[in-house]
Amino acid sequence: MSTEQVAVTTKKDWTSSQEVRWCPGCGDYGILLAVQQLMPELGVAPENTVFVSGIGCSSRFPYYMNTYGMHSIHGRAPAIATGVATARPDLDVWVITGDGDGLSIGGNHLIHALRRNVNLNILLFNNRIYGLTKGQYSPTSEVGKVTKSTPMGSVDAPFNPLSVALGAEASFVARTHDLDRKHMQETFKAAHAHQGASFVEIYQNCNVFNDGQFDGVTKKASRDEMMIDLAHGEPILFGNENQRGVMQGTDGFLHIVEVADVGLDRILVHDEKNEHPSLAFALARLNSDDHSPTPFGVFRNIERAEYTKSVSDQVLAASEANGPGDLNTLLASNGTWTVN
Amino acid sequence: MTDTIDRSNTADHDRVLDHLVVRFAGDSGDGMQLTGDRFTSVSASFGNDLSTLPDFPAEIRAPAGTVNGVSAFQVNIADHEITTPGDDPNVLVAMNAAALKADLHRLQPGGTLIINEDSFGERDLEKAGYVTEYGPNSEPINPLEDDSLNGYRVLRVPMTTLTKQVCEPLGIKPRDAERSKNFFALGLVSWMYTRPVEPTEEWIGKKFAKNKQVAAANKAAFRAGFNFGETTEAVGHRYEVRPATLPAGTYTSITGNTALSWGLVAAGQLAKLPITLGSYPITPASDILHELSKHKQFGIRTVQAEDEIAAVGVALGASFAGHLGITTTSGPGVALKSETISLAIAIELPMLIIDIQRGGPSTGLPTKTEASDLNLALYGRHGESPLPVIASYSPAHCFHAAIEAARIALKYRTPVILLSDGYLANGSEPWKLPDVGSLPDISVPFTTEPNHVTADGTEDFWPYLRDPETLARPWAIPGTPGLMHRVGGLEKADGTGNIDYTPENHEHMTELRAAKVAAVAADIPPTEVSGDLDADVLVLGWGSTWAAIDAAVQRRRRAGVKVAKAHITHLSPLPPDLGDLLRRYERVILPELNRGQLAHHLRGTYLIDITSVSKVQGLPFKSREIEDAIDTAVTNLSDDQRGATS
């Protein structure tokens, strides 16, 4: 990122002239608005920002941002974005993907971008369905889901995106949802501030092919009982009067408890900086389905070596050790002889 | 080869050969590649022209002592300019029974066999398949004791025993000492063919500097082999291959993969662009990844990606960001990259895809050469997806081919496929170093200013507003204020680059993408024809067949046969003069290490007949095979075809 003073921008500066072509009522609109509103706050310039996407409804996103962008091919956005960021560590690179794009056809690229800790902000729009191809089940669809390709119900066990990310050694892992712009913006801001690969799962409603999938958790009426807001350094509490909480039992597992039953000091204090990912992993798997209390916020946010910087450091170190590259020296480097 | 000249006339004078083909063969663990490489380097610095053919199995260590585990290195050294590693070795060094079994048939009749007789015990013979019959009743047969080697000059040497003996006073255990026996062989061959000793001793010291004991053992074995030649009468005369009269200049010995790597480094310098290489390890291309990883001081970033698809994705992302994006692979990798290459065609960005071809389909023959990815390169993508394809024809030419590929990619903003193959990749030849100052400037400017004014007078940027001559679109990279734009796989309107699905636009864009690639033809120099320009028969070639074609045409012409040859580097688009050139000849022969892929393409393109000469054995052509094809073509000419070429 540039240390130079960046001109003040507004939402308009980040909005392209292209007509937005998602279905009316799609959750993607809320995410787009959250991002376009947030960008001026980040103190970065549109010309130094790149959005790379794969294929799917969410992947149309770059067309609507007045930045540099590439709408690439199915599943490959993390790989292409790795190329952009490795060539140009000075840029802010965002990856827009979905549950099919990022976890099915592109699963390999996603886990390796996270493992390498490439400085990318990866937003995964999870609607648990294939929308652009008109309604097949996705790798995050629940077992039994009836779709066009599973008329008798899906028999595939789904991925938990956060478990995948944590298992892939992600250094920043968060979850938010499309109905809460402020929460999205706080989460994206933290993802942007993180040096390394930031993975954000966004619960996103597909009102055409999978309407209301997350209503049991994210609708206003459900939120108090079902949404668990994670805050670093704070006990993990929820409920309209914070009367419930998460406790680590003597068995090592996490349990949802009544605070009155165990006492506040038994409630787990959230530590997103914990080097060990096991508690974040347990939190990510706290909810068994979309009808049980579900944590939101930043699960993990640790510092470790960032890939593009390490690559650049080696280029610099080689130049310092060997001097700038010289072709004549290179061509003679395997030994030469002279013919007169 | 039959034209070896024995120029000696006195018994005590060293005999002079005009060329010599030596094949070192042994077990995969015997260090044959190292030995051959060392013999090559010494001969190169001595001033011989040379050409090499490493020939090794796909397994890192196939079962020891078996024919499948034999690793060989063939080198042709000469006192004149040569292009091939030689059809049939004059000398075969067989370090064990399996090597003899595997390679004896290659040795020319009457050739010299240098055999490590310590590796011909019963177990060795059984493992090598020297048995009366397979099964419980099989008995070993020792080829050293029957008459099967009668047609050769056989030199039996107890190399393992002698190596252990010289190492013993150095305090080296026999098992460790045994590993130096390849240096004994190298020493003996160095004596027999009058190679200088000092460079190899010096090299051993450097190469094994970290392990003094190994260095000492190798030096002792090398010296012992050399002395064995000098003191043992059975070895007979020394022979000499005098330096070739090559054009004056500074030379280095180079393999195709090293030349290609250096060509890529040079391309970055000449384009004034940093390089980002995305690559996934694959034989026989991995050495390019290794080599480029060593030269970071040229601003080169290498990403060993998670798979072939990611590797090309990294390259394309880097190109979008303003680097020269490169990916290196072999056929199976190109297949995986196909979708991303089509994206690069759609978004019109420069990128290099380097395919070091090997035998296919599927894993096929990973360590053996073939040129069967031509169809894949020309046609192997979905949709109408033309791109430029060029092919290198010799190890050293890989350097220039890499620069040419980059030049086209940058000038026309297109992915370019560069074809090399396993034979060029691992084969080596002396290379007269080019004058770096004479290499072309291939840089292209980034677009930094708006290129269009809207009706209301505001300036904006149209990412698909083309250069009228090259049809290249502007390359505006992230970080450039005011030129923010989106590219992608959806069809774009020419000019604005906005998504456009209209029928007329798609047809227009399809034609434009084809016209852009066709425009590259304007840069292709006239096709050179050599040999007898007025011959009736032309041998056309592409890729690594160049060496065998060159040798074959030279020899047929020396034998009085009129024949011409031409070799093309640009396979898409084809050289603009090629159709007319081919039509001038009564018969065009096209040798290919595939089943006639270019022949098929040319027949379709020019509606003329081509005689395809095909070989798919994982090995380069022998000159003799092409000579036979020339003779057949000449013999089969009808009377009215004969002499009809104008």
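Whatever comes next refers back to the structure up there.
Quick summary incoming for the structure in this document. It should be emphasised that the depicted structure is a prediction, and the values quoted were computed from it without experimental measurement. (Residues numbered from 1 in each chain as written. Chains lettered and ligands numbered in written order. Predicted model: local features only at pLDDT ≥ 70, side-chain atom pairs only at ≥ 80, totals over all residues. Heavy atoms only, no water.)

## Side note on the overall build of chain B
In plain terms, the rule: We count a stretch as a helix when DSSP gives it H or I for four or more residues in a row; a strand needs E for two or more, and each element gets its number in order from the N terminus. Restricting the calculation to C-alpha atoms gives the radius of gyration, and the globule rule supplies 2.2 Å times the number of residues raised to the power 0.38. Buried, partly exposed and exposed residues are distinguished by accessible area as a fraction of the type maximum, computed with a 1.4 Å probe on protein chains only: under 20%, between the cut-offs, and over 50%, respectively. The contact definition used throughout considers only heavy atoms, calling two residues in contact when any of these lie within 4.5 Å. When charges are counted, neither His nor the chain ends are considered; positive counts come from Lys and Arg and negative counts from Asp and Glu. By convention, the charge on Lys lies at NZ, on Arg at CZ, on Asp at CG and on Glu at CD.
Check the secondary structure of chain B and you find 20 helices and 25 strands. The C-alpha radius of gyration computed for chain B amounts to 28 Å, which stays within 12% of the reference 26 Å derived for 646 residues, consistent with globular compactness. On the principal axes, the C-alpha backbone points of chain B span a range of 95 × 70 × 55 Å. Counting the 646 residues in chain B, one finds 62% classified as buried. Long-range contacts, defined as pairs at least 24 residues apart, comprise 75% of the intrachain contacts of chain B with a sequence gap of at least 6. When the 58 basic and 80 acidic side-chain charges of chain B are each reduced to a single mean position, those positions are 5 Å apart.

## Considering the overall build of chain A
Along the backbone of chain A there are twelve helices and twelve strands. Its C-alpha radius of gyration of 22 Å places chain A within 12% of the 20 Å reference for a compact globule of 340 residues. Principal-axis analysis of the C-alpha atoms places the extent of chain A at approximately 90 × 50 × 45 Å. Looking at chain A residue by residue over its 340 residues, the buried ones come to 56%. Long-range pairs, those at least 24 residues apart, make up 66% of the contacts in chain A with a sequence separation of at least 6.

## Looking at the side chain of Lys181(B)
Residues and elements named next belong to chain B. For Lys181, the location among the structural elements is in helix H6 (residues 181-192). Look at Lys181 and you get buried, because its relative accessible area is 10%. Contacts of Lys181, omitting those with residues within four sequence positions, involve Asp30, Met95, Asn116, Met159, Thr160 and Thr163.

## Some remarks on the interface of chain A and chain B
Put simply, the test is: Accessible area, probed at 1.4 Å, shrinks when two parts are joined; the buried area is that loss added up over both. Just to be clear on terms, a salt bridge is a Lys or Arg side-chain nitrogen sitting within 4 Å of an Asp or Glu carboxyl oxygen. What qualifies as a polar contact is a pair of N or O atoms within 3.5 Å, subject to a donor-acceptor requirement within protein and to the restriction that residues adjacent in sequence count only when both atoms come from side chains.
Residue-level contacts link 59 residues of chain A with 67 residues of chain B. Taking both partners together, chain A and chain B bury about 5,100 Å²; carbon and sulfur atoms supply 64% of that area. On the chain A side of the contact with chain B, Tyr68(A), Leu331(A) and Trp337(A) bury the most area, a combined 17% of that side's loss. Our enumeration of links across chain A and chain B arrives at one salt bridge. Two residues, Glu306(B) and Arg116(A), come together in a salt bridge whose shortest N-O distance is 2.8 Å. Viewed at the interface, chain B and chain A are joined by 27 residue pairs in polar contact (both at pLDDT 80 or more). Elements supplying a minimum of two residues to the side of chain A that touches chain B: strand E2 (68-71), helix H2 (77-87), helix H4 (107-116), helix H11 (307-322), helix H12 (327-331) and strand E12 (337-339) of chain A.

## Looking at the state of the cysteines
Residues and elements named next belong to chain A. Selection criterion: Pairs of cysteine sulfur atoms within 2.5 Å are identified as disulfides in what follows.
Within the structure shown, the criterion is met by zero disulfides over all chains. Not engaged in a disulfide, the cysteine Cys23 finds its nearest cysteine sulfur in Cys26; these two sulfurs lie 6.3 Å apart. Classification of Cys23 as partly exposed rests on a relative accessible area of 39%.

## What about the packing of helix H1 (residues 32-46) of chain B against helix H7 (residues 198-207) of chain B?
Residue and element names in this part refer to chain B. Cut-off, in case you're wondering: Lines fitted to the C-alpha atoms define the axes, with helices restricted to the stretch that makes contact. Angles between their N-to-C directions range from 0 to 180 degrees. By the definition adopted for this analysis, an angle is roughly parallel if under 35 degrees, roughly antiparallel if over 145, roughly perpendicular if from 65 to 115, and oblique otherwise. Helix crossings get a hand from a simple test, with the near helix turned counterclockwise from the far one by less than a right angle marking a left-handed crossing and a clockwise turn marking a right-handed one. Three classes are used, and their members are as follows: Ala, Val, Leu, Ile, Met, Phe, Trp, Tyr, Cys and Pro are nonpolar, Asp, Glu, Lys and Arg are charged, and the others, Gly among them, are polar.
Taken N-terminus to C-terminus, the directions of H1 and H7 make an angle of 130°; their axes are 10 Å apart at the nearest point. With respect to H7, the axis of H1 lies oblique. When you trace H1 past H7, the crossing you get is right-handed. Contacts between H1 and H7 involve Leu34, Arg38 and Val42 from the former and Pro199, Thr200, Trp203 and Lys207 from the latter. Classifying every residue of the contact of H1 with H7 by side-chain character gives four nonpolar, one polar and two charged.

## What about the sheet that holds strand E20 (residues 529-531) of chain B?
Strand-to-strand pairing in sheets goes through backbone hydrogen bonds, with the strands running parallel or antiparallel. Residue and element names in this part refer to chain B. In plain terms, the rule: Each pair of strands is called paired provided DSSP finds at least two bridges between the two strands.
If you walk across this open sheet you meet the five strands as E20-E22-E21-E24-E25, and the pairing is mixed. Looking at the sheet topology across the chains shown, the edges are occupied by E20 and strand E25 (611-614). Averaged over all pairs of adjacent strands, the angle between strand axes in this sheet comes to 25°, irrespective of strand direction. Bridging between strand E24 (residues 587-592) and E25 involves four bridges; their strand directions are parallel. What sits directly across from Leu590, in E25, is Ser612. Packing against the sheet, helix H19 (residues 597-606) makes contact with strand E21 (537-542), strand E22 (564-568), E24 and E25, and its axis sits at approximately 140° to E24.

## Concerning the packing of aromatic side chains
Under the convention used in this document: Stacked, edge-to-face and tilted labels apply to pairs of Phe, Tyr and Trp rings (six-membered ring for Trp) whose centres lie within 6.5 Å, assigned for plane angles under 30 degrees, over 60, and everything in between, in that order. Only lysine NZ and arginine CZ atoms are considered, and such an atom sits over a ring when it is within 6 Å of the ring centre and within 35 degrees of the ring normal.
If you walk through the whole model with that rule in mind, you get 18 aromatic pairs over all chains. Within the aromatic cluster, the residues linked to one another by ring pairs are Trp22(A), Tyr29(A), Phe51(A), Phe61(A), Tyr64(A), Trp94(A) and Phe125(A). Taking the ring centre of Tyr130(B) as reference, the NZ or CZ of Lys101(B) above it sits at 4.9 Å. Arg473(B) extends its terminal NZ or CZ atom over the ring of Tyr464(B), reaching a point 5.0 Å from the ring centre.

## Focus on the pairing of strand E13 (residues 351-357) of chain B
Residue and element names in this part refer to chain B. The condition that has to hold: Look down the strands so they point away from you; if going from the first strand over the helix to the second traces a clockwise path, that crossover is right-handed.
In terms of burial, E13 is largely enclosed, as seven of its seven residues are buried. The alternating pattern of E13 places Met351, Ile353, Asp355 and Gln357 on one face and Leu352, Ile354 and Ile356 on the opposite face, and all of these are buried. Sheet analysis places strand E12 (residues 324-329) next to E13, joined by four bridges and oriented parallel. Its bridge partner lying in E13, Ile326 is registered against Leu352. The parallel pair E12 and E13, bridged by helix H12 (residues 331-347), forms a crossover whose chirality is right-handed. Bridging between E13 and strand E15 (residues 415-421) involves seven bridges; their strand directions are parallel. The residue bridging Leu352 from the neighbouring strand is Val416, located in E15.

## Some details on the side chain of Arg116(A)
Along the chain, Arg116(A) falls in helix H4. One polar contact links the side chain of Arg116(A) to the main-chain carbonyl oxygen of Gln304(B), over a distance of 3.2 Å. Once you skip the residues sitting within four places of it in the chain, Arg116(A) turns out to touch Ala305(A), Tyr307(A), Gln304(B), Ala305(B) and Glu306(B).

## Here's the deal with the sheet that holds strand E16 (residues 428-432) of chain B
Read across the open sheet, the three strands follow the order E12(A)-E9(B)-E16(B); overall the sheet is antiparallel. The outermost strands of the open sheet, each flanked by one partner alone, are E12 of chain A together with E16 of chain B. Averaged over all pairs of adjacent strands, the angle between their axes in this sheet comes to 40°, without regard to strand direction. Bridging between E12(A) and strand E9 (residues 249-255) of chain B involves three bridges; their strand directions are antiparallel.

## Structural notes on the environment of Leu571(B)
Residue and element names in this part refer to chain B. Position of Leu571 among the secondary structure elements: in strand E23 (residues 570-572). Its relative accessible area of 1% is what places Leu571 among the buried residues. Not counting chain neighbours up to four residues away, the residues in contact with Leu571 comprise Leu374, Leu378, Val389, Ile390, Ala391, Leu419, Trp542, Leu598 and His601.

## Some thoughts on the environment of Thr84(B)
Residues and elements named next belong to chain B. Among the secondary structure elements, Thr84 is positioned in the loop between strand E4 (70-78) and strand E5 (91-94). Once the C-alpha coordinates of Thr84 and Glu429 are considered, the two residues, 345 residues apart in sequence, prove to be 9.3 Å apart. For Thr84, the side chain forms a polar contact with the main-chain nitrogen of Gly86, separated by 3.0 Å.

## Examining a negative patch on the surface
Rules: Each patch is assembled from residues with relative accessible area greater than 30% and no salt bridge, linking like charges that lie within 9 Å and nonpolar side chains (Val, Leu, Ile, Met, Phe, Trp, Tyr) that lie within 5 Å. Accessibility throughout is a Shrake-Rupley quantity obtained with a 1.4 Å probe, and a residue counts as covered only by protein chains that appear here.
Judged by side-chain charge, Glu384(B), Glu504(B), Glu507(B) and Glu511(B) come together as a negatively charged surface patch. Under the relative-accessibility criterion, Glu511(B) is labelled exposed at 51%.

## Structural notes on the nonpolar core
All names here are of chain B. In plain terms, the rule: For this analysis, a nonpolar core means a set of buried residues of the types Ala, Val, Leu, Ile, Met, Phe, Trp, Tyr and Cys, connected via side-chain atoms within 4.5 Å.
Counting residues in each nonpolar core, the largest one holds 171 residues, and the members touching the most others are Leu352, Leu540, Trp542, Leu582 and Leu602. Ranked by the residues each element gives to this core, the list is headed by helix H14 (residues 397-412), at eleven residues. The contact partners of Leu582, leaving out residues within four places of it in the chain, are Leu538, Leu540, Val588, Leu602, Tyr606, Ile608 and Ile610. Counting residues in hydrophobic clusters, the runner-up holds 45 residues, among them Leu17, Val22, Met159 and Ala221.

## Regarding unusual backbone geometry
Here the amide bond leading from Thr283(B) into Pro284(B) is cis, since omega sits at 0°, within 30 degrees of zero. On the secondary structure map, Pro284(B) appears in the loop between strand E10 (275-279) and helix H10 (286-293). Positioned with a positive phi, Asn242(A) is a non-glycine residue whose angle comes to about 50°. As for its placement among the helices and strands, Asn242(A) is situated in the loop between strand E8 (237-238) and strand E9 (244-248). Of note, Leu471(B) is a non-glycine position whose phi angle comes to about 65°, a positive value. One can find Leu471(B) in the loop between strand E18 (459-460) and strand E19 (486-488).

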